[in-house]
Amino acid sequence: MDKKERILIVDDEAGIRRLLYHKLSRADYTCEEAENAKQAMEKMAANPAELIILDIMMPGKSGIELLPEIKARYPDTAVIMATAITEASNAINCVKKGADDYLCKPFNLEEVLLSADRSLEKRRLELEIKEYQERLQQKVDEQTVEIRRLFLGAIEALVFALEAKDKYTAGHSRRVTKIALAIAKELGLSRDEIEDLRWGSLLHDVGKIAVDQSIQNKPTKLTAVEYEHIMIHAQIGAGIVKPVVNDRVVEMIEHHHDRYDGTGLNQTIAGEDIPLGARIMAVADAFDAMTSDRPYRPAISVEEALGEIKRCADTQLDPLVVRAFIKISNSLPVMKNGQAARKALKAKR
Ligand SMILES: [Fe+2]
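Residues numbered from 1 in each chain as written. Predicted model: local features only at pLDDT ≥ 70, side-chain atom pairs only at ≥ 80, totals over all residues. Heavy atoms only, no water.

## Let's talk about the overall build of the chain
Filter applied, for reference: The helix and strand labels rest on DSSP assignments: H or I over at least four residues marks a helix, E over at least two residues marks a strand, and numbering proceeds from the N terminus. When we talk radius of gyration, it's over C-alpha atoms, and the globule rule is simply 2.2 Å times the number of residues to the 0.38. Contacts are assigned to residue pairs with any non-hydrogen atoms lying within 4.5 Å of each other. Only four residue types enter the tally: Lys and Arg on the positive side, Asp and Glu on the negative side; His and the chain ends are excluded. In this description, the location of a charge corresponds to atom NZ of lysine, CZ of arginine, CG of aspartate or CD of glutamate.
Of the regular secondary structure elements, the chain holds 14 helices and five strands. Its C-alpha atoms give the chain a radius of gyration of 34 Å, more than 25% over the compact-globule value 20 Å for 349 residues. Put simply, 62% of the contacts in the chain that link residues at least 6 apart link residues at least 24 apart. Side chains of the chain carry 51 positive and 56 negative charges; the gap between the two charge centres is 7 Å.

## Examining the confidence of the model for the chain
What counts is decided by this rule: Confidence of the predictor in every single residue is expressed as pLDDT, which spans 0 to 100.
Residues with a pLDDT of 70 or more make up 94% of the chain, whose mean pLDDT is 90. Highest mean pLDDT in the chain belongs to strand 1 (residues 6-10) (98); lowest belongs to helix 14 (residues 333-348) (50).

## Points about the packing of helix 6 (residues 172-186) against helix 13 (residues 319-328)
Threshold: Between the N-to-C directions of two axes lies an angle of 0 to 180 degrees, each axis being a line fitted to C-alpha atoms and, for a helix, fitted only over the stretch in contact. Our angle categories are set so that under 35 degrees counts as roughly parallel, over 145 as roughly antiparallel, 65 to 115 as roughly perpendicular, and the remainder as oblique.
For the pair helix 6 and helix 13, the least separation of the axes is 9 Å and the interaxial angle reads 105°. Relative to helix 13, the element helix 6 is oriented roughly perpendicular. Contacts between helix 6 and helix 13 involve Ile 179, Ala 182, Ile 183 and Glu 186 on the former and, on the latter, Val 321, Ala 324, Phe 325, Lys 327 and Ile 328.

## So, the coordination of the iron ion
Our working rule: Coordinating donors are taken to be N, O and S atoms lying within 2.8 Å of the metal, or within 3.2 Å when the metal is Na, K or Ca; because water is excluded from the atom set, some sites may appear incomplete. Every angle between 85 and 135 degrees makes a four-donor site tetrahedral, while opposite donors more than 155 degrees apart, with all other angles between 65 and 115, make a four-donor site square planar and a six-donor site octahedral; other sites are irregular.
Those protein atoms acting as donors to the iron ion are Asp 205 (OD), His 233 (NE2), His 256 (NE2) and His 257 (NE2), and they sit at 2.2 to 2.3 Å. Classification of the site at the iron ion as irregular follows from its four donor atoms and the range of 84 to 171° in their angles at the metal. Written as a sequence motif, the donor arrangement for the iron ion is D-x27-H-x22-H-H. Taken together, the residues Asp 205 in the loop between helix 7 (191-203) and helix 8 (213-216) and His 257 in the loop between helix 10 (247-254) and helix 11 (276-290) connect sequence positions 52 residues apart.

## Concerning the packing of aromatic side chains
Under the convention used in this document: Here a pair means two rings of Phe, Tyr or Trp (six-membered ring of Trp) with centres within 6.5 Å. Their orientation is stacked below 30 degrees between planes, edge-to-face above 60, and tilted elsewhere. The rule is short: NZ of Lys or CZ of Arg within 6 Å of the ring centre and within 35 degrees of the ring normal puts a charge over the ring.
Scanning the model with the defined rule gives one aromatic pair in all. The lysine or arginine in question, Arg 18, covers the ring of Tyr 21, its NZ or CZ lying 4.6 Å from the ring centre.

## Re the layout of surface pockets
Stated formally: Cavities and pockets were defined on a 1 Å grid built from protein atoms only: a cavity is a group of points that admits a 1.4 Å probe but offers it no way out, a pocket is an open group of points flanked by protein on both sides within 12 Å along at least five of seven lines, and a lining residue is one with an atom within 4 Å of any such point. Grid points are joined across faces, edges and corners, and a volume is the space filled by probe spheres set on the points. Residues were grouped as follows: Ala, Val, Leu, Ile, Met, Phe, Trp, Tyr, Cys and Pro as nonpolar; Asp, Glu, Lys and Arg as charged; and all remaining residues, including Gly, as polar.
Considered as a void within the structure, the largest pocket measures approximately 1400 Å³ in volume. Of the residues that constitute the lining of the largest pocket, the class distribution is 18 nonpolar, 15 polar and 14 charged.

## Some details on empty space enclosed by the protein
Scanning the model with the defined rule gives three cavities of 30 Å³ or more in all. Considered as a void within the structure, the largest cavity measures approximately 110 Å³ in volume. Around the largest cavity, the lining residues are Val 159, Leu 162, Glu 163, Thr 169, His 172, Asp 205, Val 206, Lys 208, Gln 213 and Gln 216. With three residues, the single largest contributor to the lining of the largest cavity is helix 5 (residues 109-164).

Structural data, given as structure tokens:
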């Protein structure tokens, strides 16, 4: 028959330790002894026991003092307190503080064995429940990730459908995302920040679903009221994605049209208070907007757009982000693609 669990007997009296050792070993438990708190913790560190029988009255650190240390470091170890019958109230207090049971000296060895069996059985059940809960939690987490992925995929598809419907904005969010991520890498953002930015950029204009198409595609200059109407898309977009993305992504979308100098329409924050992701998206968005045809003006060249971006550093755009963008502007595949696409488009006309 396999040996059962390990039991550590902690008592300053060698005679008592021997007595318990023999009784529990005969019941197929693997036993170890320690004569004080220090030795008990050393033995636990070397080879943790599943159960400790812990004497309350010991020279040096008492069992009462050692109990919280054991429970903190070895929460899955069961503890039975041992005490003189006259001090049973101390042992009862220990049970309130996490001990599993208590035994009174002089020991009835059958009772000791019964208590050890019971405490270890309870421990096994608790571990099984814990493992089951962890497995369940893992499943819930996996499902949550999957549901979130599906939701985001659906919203992303909605953005692409919205853009595809409009020849002026087709592919805008994907291009903005590529540029924004390249800037983020240049700025040394962390993987998590880059992942947030990816979602923020892909979804930044989802609020345009609420914008009047006739205003969005108006071939002449917008009135102040029309401009204000278009700009609500940032707030609406943030509201649409809020249930499925974290607050950082929501804030990026909400502030992606904020001006660095704080002078934008209905703007509440400025400068570094604007989320970095939003400041990055603003540069990428401005560049893609300028190099794309709009109902009221044709696209300008990459060189002209870069000049304009530089000119807007410190006013509309964050100078730090602008510098990073200029640095990577030569290596952006999206620009080459954009130029090629525009040339192809012009050739067709
Ligand atoms: Fe926008």
